[in-house]
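Each chain, letter by letter, is given below.
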Number of protein chains: 2
Amino acid sequence: MSRTTLKDIAEKVGVSVTAVSRALSGYPDISEETRNRIFRIAEELNYQPNIAARTLVTQKSGVLGLFVLGREKGEGFSHPFSGQVINGFLDGLVEQGYDMMVFKANRPPDSGSSSYIDLCRRRMVEGAFLMGLRTDDPWITDLKSSSIPIVTMDMPLAGEMTFSVGCDNVSAVHAAVRHLADLGHTRISIVNGYTQASVSLERFEGYRSALDDLGLPFDPSLVAEADFTVAGGKEAFLTMIDRTPDITAVFAASDLMALGVLEGARELGLRVPKDLSVVGFDNIDMASMSSPPLTTLDQPRYELGRTAAKILISACNGDTPPSRVLLKANLIVRGSTSERNKGKSAKGVVRQAR
Amino acid sequence: MSRTTLKDIAEKVGVSVTAVSRALSGYPDISEETRNRIFRIAEELNYQPNIAARTLVTQKSGVLGLFVLGREKGEGFSHPFSGQVINGFLDGLVEQGYDMMVFKANRPPDSGSSSYIDLCRRRMVEGAFLMGLRTDDPWITDLKSSSIPIVTMDMPLAGEMTFSVGCDNVSAVHAAVRHLADLGHTRISIVNGYTQASVSLERFEGYRSALDDLGLPFDPSLVAEADFTVAGGKEAFLTMIDRTPDITAVFAASDLMALGVLEGARELGLRVPKDLSVVGFDNIDMASMSSPPLTTLDQPRYELGRTAAKILISACNGDTPPSRVLLKANLIVRGSTSERNKGKSAKGVVRQAR
DNA sequence: CCAAATTACTTAAACGTTAAACCTAATAGA
DNA sequence: TCTATTAGGTTTAACGTTTAAGTAATTTGG
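Residues numbered from 1 in each chain as written. Chains lettered and ligands numbered in written order. Predicted model: local features only at pLDDT ≥ 70, side-chain atom pairs only at ≥ 80, totals over all residues. Heavy atoms only, no water.

Visitor: Report on the domain arrangement of chain A, specifying residues and quantitative values.
Guide: Size of an interface: often given as the accessible area lost when the parts come together. Residue and element names in this part refer to chain A. One can read the domain layout of chain A as domain 1 (6–49), domain 2 (63–167 + 301–327) and domain 3 (169–299 + 332–353). The centre of domain 2, based on its C-alpha atoms, is set 31 Å off from the matching centre of domain 3. Facing the 15 residues of domain 2 at the interface are 15 residues of domain 3. Of the roughly 1,300 Å² buried at the junction of domain 2 and domain 3 (both faces included), carbon and sulfur atoms supply 47%. At the junction of domain 2 with domain 3, the criterion picks out one salt bridge. When the shortest N-O distance is used, the salt bridge between E202 and R324 registers 3.0 Å. (Domains from an automatic or database assignment. Contact = heavy atoms within 4.5 Å. Buried area = accessible area lost by both parts, 1.4 Å probe. Salt bridge = Lys/Arg side-chain N within 4 Å of Asp/Glu carboxyl O.)

Visitor: I'd like a description of the sheet that holds strand 1 (residues 63–68) of chain A, backed by residues and values.
Guide: Strand order across the open sheet formed by twelve strands is 11(A)-5(A)-4(A)-3(A)-1(A)-2(A)-2(B)-1(B)-3(B)-4(B)-5(B)-11(B), with mixed pairing between neighbours. The sheet terminates laterally at strand 11 (324–327) of chain A together with strand 11 (324–327) of chain B, the two strands that pair on one side only. Here the average twist between neighbouring strands, direction ignored, is 20°. The pairing of strand 2 (residues 99–103) of chain A with strand 2 (residues 99–103) of chain B spans three bridges and is classified as antiparallel. Paired with M100 of chain A across the bridge in strand 2 of chain B is V102 of chain B. The strands that helix 5 (residues 82–95) of chain A touches are strand 1, strand 2, strand 3 (127–131) and strand 4 (150–153) of chain A together with strand 2 of chain B; relative to strand 1 of chain A, the one it contacts most, it runs at about 175°. (Pairing = 2+ DSSP bridges. Helix = DSSP H or I, 4+ residues; strand = E, 2+ residues; numbered from the N terminus. Axes fitted to C-alpha atoms, helices over the stretch in contact; angles between N-to-C directions.)

Visitor: Requested: an account of the state of the cysteines, with residues and values cited.
Guide: All names here are of chain A. Using the criterion set out here, one finds zero disulfides over all chains in the structure. The closest cysteine sulfur to the non-disulfide-bonded C120 is located on C316, 10 Å from its own sulfur. Judged by relative accessible area, which is 1%, C120 ranks as buried. (Disulfide = S-S within 2.5 Å. Buried < 20%, exposed > 50% of the residue type's maximum accessible area, 1.4 Å probe, protein only.)

Visitor: Would you mind going over the relation of the copies chain B and chain A in detail, with residue names and values included?
Guide: For the pair chain B and chain A, the best superposition has an RMSD of 0.1 Å and corresponds to a rotation of 180° with a translation of 0.0 Å parallel to the axis. The transformation relating the two chain copies, once decomposed into turn and shift, fits a two-fold axis. Closest approach to the rotation axis within chain B is made by the C-alpha atom of M101 of chain B, at a distance of 2.1 Å. Residue by residue, 100% of the interface of chain B is reproduced at the interface of chain A, so both copies engage with the same surface. (Least-squares fit on C-alpha atoms with pLDDT ≥ 70 in both.)

Encoded structure:
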């Protein structure tokens, strides 16, 4: 026997298919008695609506799409940051009766690959949440002119139907740098992410403005750029400290890079936080477990995902949510930062270690 | 203007809807010339098939479901283990033209929540992959009698349409214990996961059989049980080492618990690996970054996910894949294990530290 | 040269649902 | 008492696709 349909119930109860449909959908024009009979039989036959059929006629699928872009090595799903965001997004959308479909980013836009929007259209996806979008993504223009609502993480797009969620990176980094300055550091370097991520620009802005506000001079040789990974952070740190050995503090634009800095420092014989203070960004689980545990900026990841779902759904309902929502990232002070050690500068140690 | 449909193309080309459908699907009974015209117009109108309509008539949605169960704190998506498995699963299914829908596990089976299978039926999901299923899950019997193929991770179900993927836990743990024994350890303890995970039983079996094979006596007081988390592992280790301070090696059934053991050891002043050797399980990213880096069993996570997709799809196609596929977990030796230190036993250190 | 087969289509039906329009009997309002 | 309304339905059509069953024109085989 195949699946039970409205027709099966209708026949068994002795009413029309429409009556069953309306009863189950809670319309008031079905008598209390028939309604009860219908529900009983539906239960008995373990009726599950065929959502494909419903979608076809209502033109609404009840599906929201998730794109986890940049899924090479250590990115995307396997990035320690993504999990909680996705959890929040999923919870937020399930609460409103939606389901989630996950799409793989088809890398080369040349061949037969479709744009994100086209992928959505086939499945009648009502809105999409994009994580890991970069400024050089080939489908950006496509997204801007989307007719379904799009929420991006960390990357405002300025389209009619595009929205974004993210942290207030500028003030977050400002706070981190201030924290380091408060501890007496004056040679504060930044290991930033690549410029194709728009957070990188914001975080740099936070760094610059903090320096200005604190009366510290800006030195371009204290700025390094990496790819948000451990290896990249380590590499960037090592070349930078070689150039400018008088650094006593590092702000890294991701915890992974901060962990890379820690690794690099260990190799050089620098003791964190005694010789070098390190601040990360994200507060991934690993951050609290490194030695020393990382001082970092906690992004409310779950809340970010949840907010994305909220915006998407309200836009789907024809409302006009704010085009950009910024949540606050909180500085969490742990063991990787401390008062600047005036006696023994990092410089000396580095010279020794080499 | 709304979406382009087959009808739009048909009118513009001057053929029937069927002709367009068949041309686009590659049937041979459309002339080369009309086919080309159809393709050109379809392209021009940026036609995207309405998959809901297709699903309705073919009774196949082209969707596979993913259930990431146990999504409390640190579990599910945010578990460092899940990401790569999901990446593999997604890649495997996209390659075959499928899409992935992710379902939230509705915890209490009492209220109005539906079984995993029912969730699938509504969306005509063709098969599902379940991660994090426990032996005490309320929907187990439902799953066993499923009419759509189900692949579980790490948990064989013995149903007509159920399959499972996982690692060969028994021989993996066997290798880990042998590694410790080879280093001279004789008091080897196990911090296992909770018994509701079937891997726990298998890992315990590996532990027992290794002990037997190596001629080491089994001592129940060297067995602890925790919840796979860092905190749980630490707690379990601390109470165990208090009871039996002569332990010189620990096998933990997850890297997170192993990291907890490391933390506990640090607090007691035990030096790893000098005073205590520790082996984990999973090879999560964190494992290589702890200090010391963890010796652990590497699960081929990506491959596990990919295999799940492969099995699911072949079962969807009416084939009969093996009901259980076990991949090999490889021992990766890092800094957390070393030769047993005969001079200074852990016992002495613990006594001192307390 | 005619029947049979092939080519290139078309028509009709179906998938399971919802929405709009319609209907009938009972009830309410004047 | 007659009409207007309401309650409780039913009938019909539509959503966009695929598939089975035609059909007319052309080609092939003997």
